[in-house]
Amino acid sequence: MKIINIKGISIILIALLMLHFAVGLIISPAAGKFIVKTINENSGAKISIGKISVWPLTLSCSFADIKIFNPENEAERIIYIPKASLRLSPLAMLAKRLTVSELKMSGSEINLKGEPDGSFNIQHIAKKPEAAEKTPAAEQLKGRKDLFSGIYDKIKQRSSDKKAAAQKEKSKAVTREVTPLPKGRFVTFQKPSDQYLLEIRSAHIHSAYLHLEDAAKQSVDFKRAEIKAGGIGIDTVNGIIFNELKLKGAVNKNGVDAGKLTLHYRQSGSDKTDMVLKANEIDIPSVSFIFSDSLPVNINEGKLDIDSETKITGISLYSENSLKLSGHKVSPRGGADTAVNMIPLPIICDAVNQVNPVEMKFKITGTADRPEFKGFEESLLKIIKPYLSNVTEDLKKQGEDYLKNLFDKKSVPAAPASQEESSTQDVKEDTVNKLKSLFK
């Protein structure tokens, strides 16, 4: 019968614990400055960390006072994290890769700034300066778009660019590398995640403060935000990518609560993207800069509730949406030459302003490049029809003006003046009579 060497085991455990705490409390904090300097020199990032503690027995690390700056503007702080902790993957370390299985942060401050090309400053924090793509100043000033338009342009480009899609599919494939040896070969298989400098499988930011700003310095804040992300890859060339993002928080504008927002983005496979957006009592003027250039109207006041689920598979788009607009005041945008079912936009806005709340359900199909709205016009006309019965004469006047402008803009073959005037007048009268039949 063998006797367990309690004394020997105790000595080993004490030695391991001494090593564990010596590394965590003495060695790693002293080496922290060197580690941060090495990261900044090799990645192009601008990071400062107040304290680093590495705990070898648990393969975990803790950090304090983390600050991450914009590599192109060191005066601009993108992220501040008072406290953070992470746990490394032992299997990944055996494969000589740095993979974080879990990352937790609390009380973080994030300064997210949109750029004219639809990207955000946070995407470039790990890129070397020579690898970051810059938008020429002339392009930034020309055709400035809101945040929604910039992001949507990126989605359209990604879904319609067949070459980029093929490259993306190739980048997601498992590659096989063979290294000749004196006797035999050494074969390794690399997943897409192995190509990144750092992989973070799961990240959770608790009680965060998020400041969202566009290129024109218009901004809104999200307080008490819960942010979860997964499948994060950090690389000196590609910057930051992620497969999943969840955001939940209270919208705040100039210190005043302006509603609640939940967003869930998930990318699975090489060509599948799911997005879920839910908003409750969002004060529209507070966030209008995000989508103002994408609408033909100005929403000067009001609150919005929205429930939207969107799926993009390849180039195919399918989206189900329901929204409620209350306490609103809508006006046509200056120069907007728009009509719905031949009803001029000013008339529609006047009618919509008399309906409280406005509730609509519609679907969007087709492709990201050419979306098709189903049920939107029908739902809108059904809502406003009872409020148009007293505006027939005004409608006739504005309808005639709209048609006149429409005909004037179109290029038509020359015809005798009397014949052209008679033909145009007949079309106007016929169209107006059809419009009037809507209100009977």
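Chemist: Account for the overall build of the protein, with residues named and values stated.
Modeler: What the protein contains, in helices and strands, is ten helices and 19 strands. A separation of at least 24 residues holds for 57% of the contacts in the protein among residues at least 6 apart in sequence. Looking at the protein as shown, the accessible area adds up to about 26800 Å², and 57% of this sits on carbon and sulfur atoms.

Chemist: Tell me about the pairing of strand β8 (residues 198-213), residues and numbers included.
Modeler: With six bridges joining them, strand β4 (residues 99-106) and β8 adopt parallel strand pairing. Bridge pairing in β8 links Lys104 to His204. The pairing of strand β5 (residues 109-113) with β8 spans five bridges and is classified as parallel. Looking at β8, one finds that Asn111 is bridged to His211.

Chemist: Which residues make up the environment of Ser292, and what values do they have?
Modeler: Locating Ser292 in the fold gives a position in the loop between α6 (284-287) and β14 (297-313). What makes Ser292 partly exposed here is its relative accessible area of 26%.

Chemist: Account for the pattern of salt bridges, naming residues and giving values.
Modeler: Overall, the coordinates contain six salt bridges when judged by the stated rule. A salt bridge links Glu102 to Lys104, with the shortest nitrogen-to-oxygen separation between them at 3.8 Å. On the accessibility criterion, Glu102 (34% relative accessible area) is partly exposed. Linking Lys217 and Glu213 is a salt bridge whose minimum nitrogen-to-oxygen distance equals 3.8 Å. Since its relative accessible area comes to 56%, Lys217 is described here as exposed. A relative accessible area of 14% places Glu213 in the buried class. Overlapping salt bridges bring together Arg266, Asp274 and Lys311 as one network.

Chemist: I'd like to hear about the side chain of Gln267, residue by residue, with values.
Modeler: For Gln267, the position within the fold is in strand β12 (residues 256-268). Looking at Gln267, the relative accessible area reads 13%, which means it is buried. Only 3.2 Å separates the side chain of Gln267 from the side chain of Tyr265, close enough to count as a polar contact.

Chemist: Let's hear about the environment of Asn321: which residues, and what values?
Modeler: Inspection of the secondary structure puts Asn321 in strand β15 (residues 316-332). Overall, the relative accessible area of 11% leaves Asn321 in the buried class. Here the alpha-carbon distance between Asn321 and Ile306, two residues 15 residues apart in the chain, equals 7.4 Å. Those residues within four positions of Asn321 in sequence are excluded, and the remaining contacts are Asp307, Ser308, Met360, Lys361, Phe362 and Ile364. In terms of polar contacts, Asn321 uses its side chain to reach the side chain of Ser308, at 2.6 Å. A polar side-chain atom of Asn321 sits 3.0 Å from a polar atom in the side chain of Ser319.

Chemist: Quick one: what's the story with helix α8 (residues 376-384), residue by residue and with numbers?
Modeler: Taken residue by residue, α8 has Ser379, Leu380, Leu381, Ile383 and Ile384 as its buried positions. Of the surrounding elements, those touching the buried residues of α8 are β16 (339-340), β17 (343-344), α7 (345-352) and β18 (358-366).

Chemist: Can you tell me about the packing of aromatic side chains, naming the residues and giving the values?
Modeler: Here the structure, examined in full by the defined rule, presents three aromatic pairs. When the ring of Phe362 is compared with that of Phe373, the centres are 6.2 Å apart and the planes differ by 35 degrees; the resulting orientation is tilted. Taken together, the residues span a long stretch of sequence, with Phe362 in strand β18 and Phe373 in strand β19 (residues 371-374) at a distance of eleven residues. A residue is classified by how much of its surface remains accessible, and Phe362, at 10% relative accessible area, is buried. Ring centres of Phe373 and Phe376 lie 6.2 Å apart, and the angle between their planes is 65 degrees; this geometry places the pair in the edge-to-face category.

Chemist: An account of the pairing of strand β13 (residues 272-283) is needed here, citing residue identities and associated values.
Modeler: Judged from the nine bridges that link them, β12 and β13 form a sheet pairing that is antiparallel. Of the residues in β13, the one forming a bridge with Thr262 is Lys278.

Chemist: Got a sec to walk through unusual backbone geometry? Specific residues and values, please.
Modeler: Each neighbour pair has its own omega, and for Asn356 with Pro357 the value is 0 degrees, a cis peptide bond. Of note, Pro357 is situated in the loop between α7 and β18. Phi angles above zero are rare outside glycine, and Arg224 is one such case at about 50 degrees.

What counts and what doesn't
- Residues numbered from 1 in each chain as written.
- Predicted model: local features only at pLDDT ≥ 70, side-chain atom pairs only at ≥ 80, totals over all residues.
- Heavy atoms only, no water.
- Helix = DSSP H or I, 4+ residues; strand = E, 2+ residues; numbered from the N terminus.
- Contact = heavy atoms within 4.5 Å.
- Areas by Shrake-Rupley, 256 points an atom, 1.4 Å probe, with all protein chains shown as cover.
- Pairing = 2+ DSSP bridges.
- Buried < 20%, exposed > 50% of the residue type's maximum accessible area, 1.4 Å probe, protein only.
- Salt bridge = Lys/Arg side-chain N within 4 Å of Asp/Glu carboxyl O.
- Polar contact = N/O pair within 3.5 Å; in protein donor to acceptor, adjacent residues only side chain to side chain.
- Phe/Tyr/Trp six-rings, centres within 6.5 Å; stacked < 30°, edge-to-face > 60°.

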